[in-house]
Amino acid sequence: MIDFGDSSLTVRGDIGEAHATALDDIARAGTWLTGTERVAIAAEVRAAPHSTLSLERKNALSPYAVAGTHESNGPLSSDQIEAIHRITIDPARLSRRFFDESVAAWSTPERYVEMVGVTVRMVAIDTFCRAIGADSQPLPEPVDGDPSGVQPEGLTTGEAWVPMLSDEAMRAEGLSNTKSAGNVVRALSAVPAEVRGWGVLSAAHYVPNDKVAEPSWSNRALLRHEIEAVATRVSTFNECFY
Amino acid sequence: MSSALEPGSDAIDPELLAYADAVLNGSPTDRAAAQEALRTSRGDAAVVDAAGVIANFSQMNRIADAAGIALDAPTQMFAEQLIDDGGYRNFASAENTEPIGTAKRIAGRGLRRVAPTALRAQSAIAARFKRSRD
């Protein structure tokens, strides 16, 4: 459970619990990445807005117009850091070229997907803290251990840049209980643990996944249409077509 | 805490959107001022809810765009006119979703006509069910 005591707001307990769960999970070995690599990814999410090179690329007409490499002192290479920074601070201009180069940097699509899952969880946690005027949560200490290397059954290719589980495989993995899961739910499904990790945070920050399709469902202070209005505002700001 | 908006209203508090804008693109001073305005208008819980939604969609947008997914087909059929009107095809990530053909566009127009009534009916039934359960 996380205490947001430096914010003047009273924060729902489920949000603190979800953040604590996410940070604990990030510290541990995942499916393809070690705890050390995952915590290093989290650190790069925080470094991205202060990286001169990444900011120059973000402000350039094309991110490929600015040459340079990132300083690499830890377990991540410059090209791996570049992928994390681009997703964190310049998400509107991710392209097929970006994906191909990032997968090359991360060795496999599955390792790339796991990196995306960790990156976006940190973006969500830090965005929430900034929004309520709280300090960022301390990064966790990496926990020793080996990645599980468990490859799910039922991956399909060709629907997106990343491989994704079929709807049937989503249900078999316990990631969905509907006939057709939305593509955004399937997007991280090459690494099912990252879908579960996303689900924990999303249920606290937004609404539980099994309630998303109910247009009036909300047990929050905001009415559902207000929640969706804020969602639309964010997605427009990020120029996210989806 | 009283709500500025009653159930059934489809208005959006300007303080709510101003807070989202300040979190996404404002200075710390802007964020603090927008937070206080929303807090005064709607209370702590609404600010926390809004912060959660902003965090969630900051996450979801990046998942969608880093994975290169297409818009789900039923949503696209329903939203194609909105996509055109809003100029959303200009977003770089629109490249991941092929435009739909004429037949689906026509079907989408029909869906959009009946959808508001269907959604209101669904909401009313859900609200009645919730009241009877409470």
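Residues numbered from 1 in each chain as written. Chains lettered and ligands numbered in written order. Predicted model: local features only at pLDDT ≥ 70, side-chain atom pairs only at ≥ 80, totals over all residues.

Asker: Give a detailed account of the overall build of chain A, specifying residues and quantitative values.
Answerer: Broken down by element type, chain A carries 10 helices and two strands. Listing the helices and strands of chain A from first to last along the sequence gives α-α-α-α-α-α-β-β-α-α-α-α. Computed over its C-alpha atoms, the radius of gyration of chain A comes to 18 Å, within 12% of the 18 Å expected for a compact globule of 242 residues. Burial status across chain A gives 45% buried among its 242 residues. Residue pairs in contact within chain A that sit at least 24 positions apart in sequence constitute 62% of those at least 6 positions apart. (Helix = DSSP H or I, 4+ residues; strand = E, 2+ residues; numbered from the N terminus. Rg over C-alpha atoms; globule rule 2.2 N^0.38 Å. Buried ≥ 20, exposed ≤ 12 C-beta atoms within 10 Å, placed from the backbone. Contact = placed C-beta atoms within 7 Å.)

Asker: So what's going on with the nonpolar core? Which residues, and what values?
Answerer: By size, the foremost hydrophobic cluster in this structure holds 89 residues, and its most contacted members are Val116 of chain A together with Ala50 and Ile54 of chain B. The residues touching Val116 of chain A, leaving out its near neighbours within four places in the chain, are Ile87 and Leu188 of chain A together with Ile63, Ala66 and Ala67 of chain B. (Core = buried A, V, L, I, M, F, W, Y, C linked by C-beta atoms within 7 Å.)

Asker: Lay out unusual backbone geometry with the relevant residues and their values.
Answerer: Residue and element names in this part refer to chain A. Look at Ser107: it is not a glycine, yet its phi comes out positive at around 80°. Among the secondary structure elements, Ser107 is positioned in the loop between helix 5 (96–106) and helix 6 (109–132). Owing to 11 C-beta atoms within 10 Å, Ser107 belongs among the exposed residues under this scheme. Positioned with a positive phi, Glu239 is a non-glycine residue whose angle comes to about 50°. By the secondary structure assignment, Glu239 is in the segment after helix 10 (224–237). Looking at Glu239, the number of C-beta atoms within 10 Å reads 17, which means it is partly exposed.

Asker: Can you explain helix 1 (residues 14–25) of chain B? Please cite residues and give values.
Answerer: Residue and element names in this part refer to chain B. Helix length check: helix 1, at 12 residues, gives a terminal C-alpha distance of 16 Å against a target of 16 Å (1.5 Å per residue), a fit within 8%. Listed in full, the buried residues belonging to helix 1 are Glu15, Leu16, Tyr19, Ala20, Ala22 and Val23. Each buried residue of helix 1 lies within a common arc of 165° when the element is viewed along its axis, so the set occupies one face. Looking at helix 1, the residues exposed on the side facing more than 90 degrees away from the buried face are Pro14 and Asn25. (Expected span 1.5 Å × (residues − 1). Arc of directions from axis to C-beta.)

Asker: Explain the confidence of the model for chain B residue by residue, including any values.
Answerer: In low-pLDDT regions, the fine details of the predicted coordinates are not to be read closely. Residues and elements named next belong to chain B. Looking at chain B as a whole, the pLDDT averages 86, with 84% of positions reaching at least 70. Per-element mean pLDDT across chain B ranges from 73 in helix 5 (residues 102–133) up to 98 in helix 3 (residues 44–67). In this model, residues 1–5 is a region of pLDDT below 50 whose contacts with residues beyond four sequence positions or in other chains number 10 contacts. Scoring of the predicted complex yields 0.91 for pTM and 0.96 for ipTM. (pLDDT = per-residue confidence, 0-100.)

Asker: I'd love a proper account of the interface of chain B and chain A, names of residues and values included.
Answerer: Listed by partner, the interface residues are 55 residues for chain B and 59 residues for chain A. The element that contributes the greatest number of residues to the side of chain B that touches chain A is helix 3 of chain B, accounting for 24 residues. By residue class, the composition of the side of chain B that touches chain A is 34 nonpolar, 13 polar and eight charged. (Nonpolar A, V, L, I, M, F, W, Y, C, P; charged D, E, K, R; others polar.)

Asker: Explain the environment of Glu228 of chain A to me, and be specific about the residues and the numbers.
Answerer: Residue and element names in this part refer to chain A. Of note, Glu228 is situated in helix 10. The exposure class of Glu228 is partly exposed, given the 18 C-beta atoms found within 10 Å. Between the C-alpha atom of Glu228 and that of Pro215, which follows or precedes it by 13 residues, the distance is 9.5 Å.

Asker: So what about the environment of Ala79 of chain B? Which residues, and what values?
Answerer: As for its placement among the helices and strands, Ala79 of chain B is situated in helix 4 (residues 73–86). Considered as a pair, Ala79 of chain B and Arg112 of chain B are 33 residues apart in the sequence and their alpha carbons are 8.3 Å apart.

Asker: Tell me about helix 5 of chain A, and name the residues and values.
Answerer: Residue and element names in this part refer to chain A. Every buried residue of helix 5 is listed here: Phe98, Phe99, Ser102 and Trp106. End-on view of helix 5: buried residues confined to an arc of 95°, all on one side of the axis. Pointing more than 90 degrees away from the buried face of helix 5 are the exposed residues Arg96, Arg97, Asp100 and Ala104. In the core, the buried residues of helix 5 are packed alongside helix 4 (78–89) and helix 6. At the C-terminal side of helix 5, Ser107 shows a positive phi close to 80°.

Asker: Account for the packing of helix 9 (residues 192–205) of chain A against helix 3 of chain B, naming residues and giving values.
Answerer: Where helix 9 of chain A contacts helix 3 of chain B, the two axes come as close as 8 Å, and the packing angle between them is 150°. By the criterion of interaxial angle, the relationship of helix 9 of chain A to helix 3 of chain B is roughly antiparallel. The crossing of helix 9 of chain A and helix 3 of chain B is left-handed. Across the interface between the two elements, Leu201, Ser202, Ala204 and His205 of chain A of helix 9 of chain A pack against Gly52, Val53, Ala55, Asn56 and Gln59 of chain B of helix 3 of chain B. (Axes fitted to C-alpha atoms, helices over the stretch in contact; angles between N-to-C directions. Parallel < 35°, antiparallel > 145°, perpendicular 65-115°, else oblique. Left-handed = near helix turned anticlockwise from the far one by under 90°.)

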